[in-house]
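Understanding the architecture of this molecule
Listed below, chain by chain, are the residues.
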Amino acid sequence: MIQELDQEYIAHTYARFPVTFVKGEGALLYDESGKAYIDMGAGIAVNTFGAADKTWCAAVSEQLGKLQHTSNLYYTEPCAKLAASLCRRTGLKRVFFANSGAEANECAIKAARKYAFMKYGDESHATIITLKNSFHGRTITTLAATGQDAFHTSFGPFTEGFVYADPEEPESLEKLASANQCCAVLFELVQGEGGVRPLSQSYVEEIKRVCEKYGLLMMIDEVQTGNGRTGSLYCYEQYGLSPDVVTTAKGLGGGLPLGAVLFGERTKDVYDPGSHGSTFGGNPVCCAGALSILDRLDDALFAEVRRKGGLIRELLAGCGEVTGVTGLGLMIGVETTRPAKEVAAACLAKGVVVLTAKDKVRLVPPLVISDEQIKEAVRVLKEVLQESSAE
Ligand SMILES: *Cc1c(COP(=O)(O)O)cnc(C)c1O
């Protein structure tokens, strides 16, 4: 009934799996028949503390019962406190709140353009370098920023001013930086949708060098890697970077829509009143929930994220149908002999939710998943992989 209604009345932008989830608890989800699933997807790396997390629910409900929205014409406590906490913990200087990853990236792209406009007095240095195989969102501009040809059809004309460097090829980056009048490099440290591919430390050092040499802003898209997912508050810490702009979303809100752009010293005053905005951005309910998440993202939790990531790798080691494991912390890509899409469908039928990213199986469970749940999920994944090799 629900699936038929959805099929008839919802635009067909998603090829949904034939499951209707009705509730959850931590890393468990339940469908309408009461069947339980171990959640290795967290709603695409969003439900940081899993489903129906009590602390988060209480924070959200409390704010909801007081005031759900004010617009950005006025001050609210959760929004100011969340921004302060993000800045104090990262050393970045100011925050703009958006409602999604794509919007956070739009805001960062606009900031880079305006920074260049203020610096050069005209629009001569508007070009932004991104990486091939990246993903930055679904708006026309963030699609243009996304370095995959597959995203650059059917919707043109796209926003101009993006050039794409080959990841792990420093010459490609330097060539683009010298041949174009650029203002910024925008990149993910672990290319998520592109197949959970971490950049090497040496390549990241090259990005840093090129940014310094050509006066480019370093803008890191931490929409997926951020908020504890990779084993630190933000992934750039593990690479020893001091970015000018950081964008994030997904796990920050813990399940409510919230995006953020963090500005460093060089970019903190780029925007002035009226130059950018959002009706819903920084919504007090979303921010109250996010604060309850951020407060619990501490070193002990990050150590657990890294340990659990290690446990998944250990459990997968030696499995003949696994040809590679990539990623950081609890953001893991599994290369399998059986096609990933097929693996995801078969796992779901056996009560385990996994995602895919390009040709890989992607595991991004809630950070609070238990060792037992991990063991059971990986057991099912291996069983599904072995089924195919037996055929
Ligand atoms: C998911 C994602 C986005 C887009 O986020 P939305 O909230 O879907 O707009 C952008 N960048 C990266 C790295 C992502 O993983």
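All values reported here derive from a predicted model rather than from experimental measurement.

What counts and what doesn't
Residues numbered from 1 in each chain as written. Predicted model: local features only at pLDDT ≥ 70, side-chain atom pairs only at ≥ 80, totals over all residues. Heavy atoms only, no water. Helix = DSSP H or I, 4+ residues; strand = E, 2+ residues; numbered from the N terminus. Buried < 20%, exposed > 50% of the residue type's maximum accessible area, 1.4 Å probe, protein only. Contact = heavy atoms within 4.5 Å. Near = heavy atom within 4 Å. Polar contact = N/O pair within 3.5 Å; in protein donor to acceptor, adjacent residues only side chain to side chain. Areas by Shrake-Rupley, 256 points an atom, 1.4 Å probe, with all protein chains shown as cover. Pairing = 2+ DSSP bridges.

Overview of the overall build of the protein
- Looking only at helices and strands, one finds twelve helices and 17 strands in the protein.
- By principal-axis analysis of the C-alpha atoms, the protein measures approximately 65 × 55 × 45 Å.
- Put simply, the protein has 391 residues, and 54% of those count as buried.
- Contacts in the protein between residues far apart in sequence, at least 24 positions, make up 71% of those at least 6 positions apart.

Brief notes about the site of the ligand
- Taken together, the residues surrounding the ligand are S100, G101, A102, N105, F135, H136, E188, D221, V223, Q224 and K250.
- A distance of 2.8 Å separates a nitrogen atom of the ligand from a polar atom in the side chain of D221.
- Protein burial of the ligand: of its 390 Å² of free accessible surface, 82% is covered by the chains.
- Counting residues per element, the shell around the ligand draws most heavily on helix α5 (residues 101-120), which supplies three residues.

Remarks on the environment of D298
- As for its position among the elements, D298 is in the loop between α9 (284-294) and α10 (299-316).
- It is 28 Å that separates the C-alpha atoms of D298 and Y203, two residues lying 95 residues apart in sequence.

Focus on α9
- The buried fraction of α9 amounts to eleven of the eleven residues, a majority that puts the element mostly inside the structure.
- When we look at burial in α9, the residues that qualify are P284, V285, C286, C287, A288, G289, A290, L291, S292, I293 and L294.
- Lining the buried residues of α9 we find α3 (54-66) and α4 (77-90).
- Measuring from the side-chain oxygen of the N-cap residue of α9 to the backbone nitrogen of V285 gives 2.8 Å; that N-cap residue is N283.

Description of the sheet that holds strand β1 (residues 21-25)
- The strand order across the open sheet formed by four strands is β1-β2-β3-β15, and the pairing between neighbours is mixed. This sheet does not close on itself; its edge strands, each paired only once, are β1 and β15 (352-353).
- Sheet topology places strand β2 (residues 28-31) next to strand β3 (residues 36-39); three bridges connect them, and they run antiparallel. Pairing of L28 across the sheet is with I38, part of β3.

Considering the environment of L291
- As for its placement among the helices and strands, L291 is situated in helix α9.
- Separated by 161 residues in the primary sequence, L291 and T130 place their C-alpha atoms 31 Å from one another.
- If we ignore the near neighbours within four places in the chain, the residues touching L291 are P78, K81, L82 and S85.

Geometric values such as these leave the question of function open.
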